[in-house]
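# A look at the structure
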Protein chains: 2
Amino acid sequence: MRISIIGSGNVATHLAAAFTNAGHRIVEIWSRSPENAAILAYHVRATTVDKLSGLNPDVDVVLIAVKDDAIQDVISDLKLKDTLLAHTSGSTDLQVLMGSSENIGVFYPLQTFSKSKSVEFANIPILIEGNSPVVAERLTELADSVSAHVLQINSHKRLSLHVSAVFASNFANYLFALSKELLDRQELDFNLIRPLIAETADKVQRNDPKEVQTGPAVRNDQETIQKHIEFLQDKPELEHIYRLLSQSIINFYGKP
Amino acid sequence: MRISIIGSGNVATHLAAAFTNAGHRIVEIWSRSPENAAILAYHVRATTVDKLSGLNPDVDVVLIAVKDDAIQDVISDLKLKDTLLAHTSGSTDLQVLMGSSENIGVFYPLQTFSKSKSVEFANIPILIEGNSPVVAERLTELADSVSAHVLQINSHKRLSLHVSAVFASNFANYLFALSKELLDRQELDFNLIRPLIAETADKVQRNDPKEVQTGPAVRNDQETIQKHIEFLQDKPELEHIYRLLSQSIINFYGKP
């Protein structure tokens, strides 16, 4: 397919590479940052456009891969007649694209992307929605060409999936960052914790996380919990998070 | 070495297997649950003892691998003259073993163990402490025989490591459980999130978690955060956790 991409961040970069590898052609790239647009365009042999209104409508798909809070700005400058227009956001309703094209859809890859790290695209679930069966089918075809896990779901279910992803990925990564912060203060190496993180994630690849919960809270081991809280007493924010999550675990598993 | 183990839970089971594989001999096993003691003893060809006071003192190490809050009960029944006695707890001070033997130490494997899943012991950091250089050296020797990552640290640093581990593993796993809970309610498959969890953990194996944080909070994307909070409004506990962690991320990354 011939695809143009709006955006040049993590998602845009990974998608452009995956599409190119799958044999598609990236035609044009627009980004708020002309420098980043030029870099990405160079890598995938596309051209850049200066203005969104100058985007060539003669492509199969125009994909909006910008931060969620920038989508509104993009579409206010974008008028396509019937070129398939899709966004890549987990939390944004399909309907926000109404008025920008007759054919609108969503192409949401459920993964955490950092420019510094490549990912195996074939394993990434891609969630599809369209304002017509034809649009959904076309986007599914594109998704199938880069991933083995493609599913059509509506905007509400996609939102719930995005919230779940925030808990499982963004918040989990933040806990890793807090863990490192604690180690740094004691001059202990984060490498001591890395195998534990790897094993924690590996364990839930085949198990239900509820079944493999370990630690003092799930045992309601108040003595250890109190020692930890005492240790955290000069770090009130960490203590607050520790208390809330421990109590929540006790409640969650305490139910008969 | 000839080793006796007190306990028959996750840690005891994994340690007994690792020691046996490394060529050591498990001599005796005692557990509050005679059935579990018998099962573990059968697997590693050890014998069980009925009473702690009946434990044979003629071994190289007696290892206490019970829940933190059961250590006190165990040592009140345990009197050894000079047999090396060590516990395996992250949060328990070495000193609690004083009076139970002249030679006391700590042998703390930093990992999350579930009976249902085997682990690659060689990658697990083991933290050692002893009440004398001889004890520390002897336990280090034992640890070196099963792991490539052995470190001597004192009780205070070990406590900080345990707290870090609770954040990075126990709390992270709980977030995975909450994520699954949200998906279950929408009849969405947890398999959709599993690749994301794997990638999130994989990313911090080489990167500083602080550098690879993604999601709405680190961008301070209030529009998306509000959508998520609205979505969680009938789940007050999840909403509370969402708000606290999002605000904490905003504070953490907002600092100049």
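Above this text you will find the structure in question.
Rules used throughout
- Numbering of residues starts from 1 in each chain and follows the order in which that chain's sequence is written.
- Labels follow written order: the first chain is A, the first ligand is 1, and so on.
- In keeping with the predicted nature of the model, local features appear solely for residues at pLDDT of at least 70, side-chain atom pairs appear and are counted solely at 80 or more, and the whole-chain, interface and lining totals rest on all residues.
- Computation of side-chain values covers all heavy atoms of the structure but excludes hydrogens and water.
- What counts as a helix is a DSSP run of H or I of at least four residues, what counts as a strand is a run of E of at least two, and both are numbered from the N terminus.
- Using a 1.4 Å probe on the protein chains alone, a residue whose accessible area is under 20% of its type maximum counts as buried, one over 50% counts as exposed, and one in between counts as partly exposed.
- We call two residues in contact whenever any of their non-hydrogen atoms come within 4.5 Å of each other.
- Note on areas: Shrake-Rupley, 1.4 Å probe, and residue coverage restricted to the protein chains presented here.
- We score Asp and Glu as negative and Lys and Arg as positive, and we do not count His or the chain ends.
- Taken as the charge centre is NZ of Lys, CZ of Arg, CG of Asp or CD of Glu, depending on the residue.
- In short, buried area is how much 1.4 Å probe accessible area vanishes from two parts on joining, totalled over both.
- Note on definitions: salt bridges are taken to be side-chain nitrogens of Lys or Arg within 4 Å of carboxyl oxygens of Asp or Glu.
- Any residue that is not Ala, Val, Leu, Ile, Met, Phe, Trp, Tyr, Cys, Pro, Asp, Glu, Lys or Arg is counted as polar, Gly included; the first ten are nonpolar and the last four charged.
- Being paired, for any two strands, means DSSP has found at least two bridges between them.
- When the strands point away from the viewer, a crossover counts as right-handed if the path from the first strand over the helix to the second runs clockwise.
- Two rings from Phe, Tyr or Trp (for Trp, the six-membered ring) form a pair when their centres are within 6.5 Å of each other. A pair whose planes differ by under 30 degrees is stacked, one over 60 is edge-to-face, and the rest are tilted.
- Lysine NZ or arginine CZ positioned within 6 Å of the ring centre and within 35 degrees of the ring normal marks a charge as sitting over the ring.
- A helix is expected to reach a length of 1.5 Å times the quantity of its residues less one.
- When the copies are superposed, the least-squares fit draws on C-alpha atoms of residues that have pLDDT of at least 70 in both.
- Note on method: axes are straight lines fitted to C-alpha atoms, helices fitted across the in-contact stretch only, with angles between N-to-C directions ranging 0 to 180 degrees.
- An angle below 35 degrees is read as roughly parallel, one above 145 as roughly antiparallel, one from 65 to 115 as roughly perpendicular, and any other as oblique.
- Crossing handedness: left-handed means the near helix sits turned counterclockwise from the far one by under a right angle, and right-handed means the same turn made clockwise.

### Section: the overall build of chain A
When helices and strands are tallied, chain A shows eight helices and eight strands. Here chain A holds 256 residues, and 59% of them are scored as buried. Taking as baseline every contact in chain A between residues at least 6 positions apart, the subset at least 24 positions apart corresponds to 52%. For chain A, the exposed area adds up to about 10800 Å²; of that, 47% sits on carbon and sulfur atoms. Chain A carries 24 positive and 31 negative side-chain charges, and their two centres are separated by 1 Å.

### Examining the interface of chain B and chain A
Contact with chain B, which involves 93 residues of that partner, is made by 93 residues of chain A. Note on chain B versus chain A: buried area summed over both sides is about 9000 Å², and carbon and sulfur give 66% of it. The tally of links between chain B and chain A comes to two salt bridges. One salt bridge connects lysine 180 of chain A with aspartate 208 of chain B, and the closest N-O pair in it is separated by 3.7 Å. When contributions to the side of chain B that touches chain A are tallied by element, the ones reaching two or more residues are β7 (125-130), α5 (155-185), α6 (194-203), α7 (222-231) and α8 (236-254) of chain B. Element by element, the count of residues in the side of chain B that touches chain A is highest for α5 of chain B, at 27 residues. Its residues assigned to classes, the side of chain B that touches chain A shows 46 nonpolar, 28 polar and 19 charged.

### Re the pattern of salt bridges
Taken as a whole and judged by the stated rule, the model has 20 salt bridges over all chains. Among the ionic contacts, a cluster of salt bridges with common partners joins Asp60, Arg138 and Glu141 of chain A.

### With respect to the sheet that holds strand β3 (residues 47-48) of chain B
All names here are of chain B. Ordered in space as β3-β2-β1-β4-β5-β6-β7-β8, the eight strands form an open sheet in which the pairing is mixed. The open sheet has two edge strands, β3 and β8 (149-152), and neither has a second partner. Taken together, the four bridges between strand β1 (residues 2-6) and strand β4 (residues 61-64) define a ladder with parallel strand orientation. By the bridge assignment for β4, isoleucine 3 is matched with valine 61.

### Structural notes on the pairing of strand β4 (residues 61-64) of chain A
Burial along β4 of chain A is two-sided: Val61 and Leu63 of chain A facing one way and Val62 and Ile64 of chain A facing the other are all buried. Crossover β4 of chain A to strand β5 (residues 84-87) of chain A through helix α3 (residues 71-76) of chain A is right-handed.

### Overview of the packing of aromatic side chains
Here the distance between the centres and the angle between the planes together describe a pair of aromatic rings. Inspection of the entire model under this criterion finds 12 aromatic pairs over all chains. Of the aromatic side chains, those joined through ring pairs into one cluster are Phe167 and Phe171 of chain A together with Tyr242 of chain B. Here lysine 210 of chain A stacks its cationic end above the ring of phenylalanine 252 of chain A, 4.8 Å away from the centre of that ring.

### Thoughts on helix α1 (residues 10-21) of chain A
Residues and elements named next belong to chain A. With 12 residues, α1 extends 17 Å from end C-alpha to end C-alpha; this agrees with the ideal 16 Å at 1.5 Å per step. Taken residue by residue, α1 has Ala12, His14, Leu15, Ala16, Ala18 and Phe19 as its buried positions. Contacts made by the buried residues of α1 are with β1 (2-6), β2 (25-30), α2 (34-44), β4, β6 (104-109) and α4 (133-144).

### Some details on the side chain of histidine 228 of chain B
Considering the arrangement of structural elements, one finds histidine 228 of chain B in helix α7. With relative accessibility at 0%, the residue histidine 228 of chain B sits in the buried group. Filtering out sequence-adjacent residues up to four positions away, histidine 228 of chain B remains in contact with Ser91, Leu159, His162, Val163 and Val166 of chain A together with Pro216 and Tyr242 of chain B.

### Brief notes about the relation of the copies chain B and chain A
Laying chain B over chain A is done by rotating through 180° and shifting 0.0 Å along the axis; what remains is an RMSD of 0.0 Å. Both copies of the chain, as the preceding transformation shows, are related through a two-fold rotation axis. In terms of C-alpha distance to the rotation axis, chain B has alanine 172 of chain B as its closest residue, with the C-alpha 2.5 Å off the axis. In this assembly, 100% of the residues forming the interface of chain B have copies in chain A that are likewise at the interface, indicating an isologous arrangement.

### Points about the pairing of strand β2 (residues 25-30) of chain B
Residue and element names in this part refer to chain B. Burial analysis of β2 places five of its six residues in the buried class, the great majority of the element. Both β1 and β2 contribute to a ladder of four bridges, which runs parallel. Bridged to arginine 2 within β2 is arginine 25. The β-α-β motif built from β1, the intervening helix α1 (residues 10-21) and the parallel element β2 has right-handed crossover chirality. As defined by bridge partners, β2 adjoins β3 across two bridges and the pair is classed as parallel. Along β3, the bridge assignment pairs glutamate 28 with threonine 47.

### Considering the sheet that holds β2 of chain A
Residues and elements named next belong to chain A. In space, the eight strands of this open sheet follow the order β3-β2-β1-β4-β5-β6-β7-β8, with mixed pairing throughout. Looking at which strands have only one partner, the edges of the open sheet turn out to be β3 (47-48) and β8 (149-152). Across four bridges, the pairing between strand β7 (residues 125-130) and β8 is parallel. Residue isoleucine 128 lies in a different strand from β8, and its bridge partner there is glutamine 152. Contacting β1, β4, β5, β6, β7 and β8, α4 runs over the sheet at an angle of about 165° to β7.

### A few points about the packing of helix α7 (residues 222-231) of chain A against helix α8 (residues 236-254) of chain A
Residues and elements named next belong to chain A. Running from N to C, α7 and α8 point in directions that differ by 165°, and their axes come no closer than 10 Å. By the angle between their axes, α7 is roughly antiparallel relative to α8. Crossing geometry of α7 relative to α8 is assigned as right-handed. Listed contacts from α8 to Gln222, Ile225, His228 and Ile229 of α7 are Glu239, Tyr242, Arg243 and Ile250. Residues of the contact of α7 with α8, tallied by class, amount to four nonpolar, two polar and two charged.

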